[in-house]
Amino acid sequence: VCHHTMTGPIETTMCDYETIESVNEELYTNLHDLVQTPFFRYFQVDLYRECPFWQDNGFCMNRECGITTVDESEIPEKWRAAALSKIDLPPPGQRIQLPGCYYRDSDFCFLDDLTEGEYFDLATIPERYTGYSGPSAHRVWRAIYEENCFGLSELNLLTGRSPAPVTLPDTLTDILRIPVNGDDTAEECLEKRVYYKIISGLHASISTHICAEYLNQSTGEWGPSLQCFVNRVASHPERLQYIYFDAVLLLRAVARVAPYLSAYDYCATSSVIPHDHPHEPDLMDEVRTRVRLENVLQIAKRTGKFDESVLFRGENANVLKEEFKDHFRNVSRIMDCVGCDKCRLWGKVQTTGLATALKILFEIDEKALDPCNNQNLLQRSEVVALVNTLHRFSESLHLVEQFRDMWKNVGQRD
Ligand code: FAD
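Residues numbered from 1 in each chain as written. Predicted model: local features only at pLDDT ≥ 70, side-chain atom pairs only at ≥ 80, totals over all residues.

Following the UniProt record, the feature "active site" (unreviewed entry) maps to Cys 340 and Cys 343 here. Following the sequence through the fold, Cys 340 ends up in the loop between helix H12 (317–334) and helix H13 (341–362). Sequence-distant contacts of Cys 340, that is, excluding residues within four places in its chain, are made with Cys 60, Cys 65, Thr 130 and Tyr 132. Relative to the helices and strands, Cys 343 resides in helix H13. Once residues lying within four places of it in the same chain are set aside, the contact partners of Cys 343 are Cys 65, Thr 130, Tyr 132 and Val 338. (UniProt positions renumbered as here; feature names shortened; annotations may be inferred. Helix = DSSP H or I, 4+ residues; strand = E, 2+ residues; numbered from the N terminus. Contact = placed C-beta atoms within 7 Å.)

Take a look at the structure:
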């Protein structure tokens with residue numbers, strides 16, 4: 001039963017959480033294959049821009065933080081050429097330019113200008129435990145919450161508040177029964193709470209991946225750490241809810257832009273690529289990409305019911321939207337301050353993915369969504385980031401199920 005009180009996206013998405021739970025395995029299987037295809041695995045980004053907020057990034061020297069790039073000659077010519085010349089950079093008057101990046105009025109994040117930056121093969125770089133932690137990591141999270149979170153920070157770092165008693169609900173839908181701090185009583189406006197949920201959900205999703213592939217320092221073995229998951233996520237059930245929240249938001253954006261994604265050119269073959277090229281994508285790659293993508297789009301259309309129409313209405317709507325955008329753009333710049341390459345890469349992919357979803361939901365009208373009218377609606381990097389970010393969140397929900405099984409097994413042993 002769905003409760004539609006229509007006072008905001010929180011209430012109207014209640015039933016969508018349950019729908020996602022029922023389709024997540026199917027969604028995850030399709031996304032997991034989709035992100036292995038050539039189009040979706042190569043992401044171009046300038047990973048080494050200066051941190052604009054402080055000088056010392058506390059760079060992580062751990063081997064796990066390091067990263068390797070893909071030689072540009074291995075990237076299908078078509079995308080390289082597109083990156084260098086064909087992409088429609090907005091004309092100078094319509095963008096704010098910073099060294100190596102820019103944003104247009106409609107963007108929720110800074111985008112690289114695509115003549116800088118390197119290619120990374122996302123399929124070979126797991127998001128997992130790297131050992132990046134301590135004051136440097138905390139400073140970045142604090143900057144994201146405090147400087148950009150409309151003062152809604154929940155960080156215990158400063159207050160030293162101890163976590164709530166550990167509970168791991170039996171089913172994912174049980175999470176919905178748990179009252180969320182401040183949801184009903186907070187004086188903050190809806191948009192500000194939404195902003196907090198997006199960030200907290202991202203943080204919780206990253207934590208879930210860290211705990212799922214954790215390095216046991218004493219044995220040197222990799223594996224899931226239930227304790228880590230309980231401490232960082234499950235003992236704060238609202239964080240789990242926010243992972244759902246982000247998943248619904250991303251799915252809704254994908255559903256909205258589905259005709260555009262269906263019409264997108266995923267074919268990378270071109271006569272310029274040498275035939276013996278080891279990474280040459282073939283026709284089968286394109287077929288596989290399209291089949292998997294269409295499955296994802298169908299699931300998104302069935303389930304992505306985030307009610308974006310209730311946001312940015314009323315008086316001050318435009319001011320709020322601009323404020324929201326400013327905050328989110330700042331998050332994309334704060335990512336330059338993350339002192340671990342792997343973490344920074346995934347941080348950038350996911351903030352770009354979420355920013356693309358927000359742009360699709362709040363900035364683009366029906367006419368602009370038409371793939372015939374607007375072929376350059378999204379850059380390749382935005383499409384790649386959107387799909388990979390949805391994959392990350394779907395994977396987190398999949399991992400939560402695994403932790404739940406571990407939890408049950410622990411309970412049976414006790
Ligand atoms: P942290 O996760 O650093 O959290 C700090 C404080 O924030 C906590 O004490 C808590 O009070 C609060 N908090 C935690 N979660 C939430 C939430 N969901 N909502 C609201 N408040 C919360 N490390 C890796 O090993 N691998 C990675 O791939 C990786 N990627 C990262 C990407 C980014 C963008 C950043 C900023 C950091 C990344 N890190 C990564 C570091 C990792 O997120 C942690 O900072 C680190 O593991 C230390 O964890 P912690 O337990 O001290 O708490």
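Right, let's talk about the UniProt feature "binding site: FAD" (unreviewed entry) in the chain for a bit. Mapped onto this numbering, the UniProt entry gives "binding site: FAD" (unreviewed entry) at Arg 128, Thr 130, Trp 141, Ser 200, His 203 and Arg 232. Overall, Thr 130 belongs to the buried group, with 23 C-beta atoms counted inside 10 Å. Excluding residues within four positions of it along the chain, Thr 130 makes contact with Cys 60, Asn 62, Glu 64, Cys 65, Cys 340, Lys 342 and Cys 343. With respect to the helices and strands, Arg 232 occurs in helix H8 (residues 226–234). In contact with Arg 232, other than residues within four places in its own chain, are Ser 207 and Cys 211. (Buried ≥ 20, exposed ≤ 12 C-beta atoms within 10 Å, placed from the backbone.)

The next point concerns the environment of Ala 247. As for its placement among the helices and strands, Ala 247 is situated in helix H9 (residues 237–256). Taking the number of C-beta atoms within 10 Å as the measure of exposure, Ala 247 has 28 and is therefore buried. When the C-alpha positions of Ala 247 and Ser 396 are compared, they lie 9.6 Å apart, and in sequence the two are 149 residues distant. Ignoring anything within four residues of it in the chain, the contact list for Ala 247 reads Ile 20, Phe 393, Ser 394 and Leu 397.

Counting residues in hydrophobic clusters, the biggest one holds 94 residues, and the most contacted among them are Ala 247, Leu 250, Ala 253, Val 254 and Ala 357. Broken down by element, this core gets its largest block of residues, 13 residues, from H9. Setting aside residues no more than four positions away along its own chain, Leu 250 makes contact with Gly 353, Ala 357, Thr 389, Leu 390 and Phe 393. (Core = buried A, V, L, I, M, F, W, Y, C linked by C-beta atoms within 7 Å.)

Moving on, we come to the packing of helix H7 (residues 190–212) against H8. With their axes 9 Å apart at the nearest point, H7 and H8 run at an angle of 175 degrees to one another. Taken together, the axis directions place H7 and H8 in an arrangement best described as roughly antiparallel. Residue-level contacts link Ala 204, Ser 207, Thr 208, Ile 210 and Cys 211 of H7 to Cys 228, Phe 229, Arg 232 and Val 233 of H8. Split by residue class, the contact of H7 with H8 holds six nonpolar, two polar and one charged. (Axes fitted to C-alpha atoms, helices over the stretch in contact; angles between N-to-C directions. Parallel < 35°, antiparallel > 145°, perpendicular 65-115°, else oblique. Nonpolar A, V, L, I, M, F, W, Y, C, P; charged D, E, K, R; others polar.)

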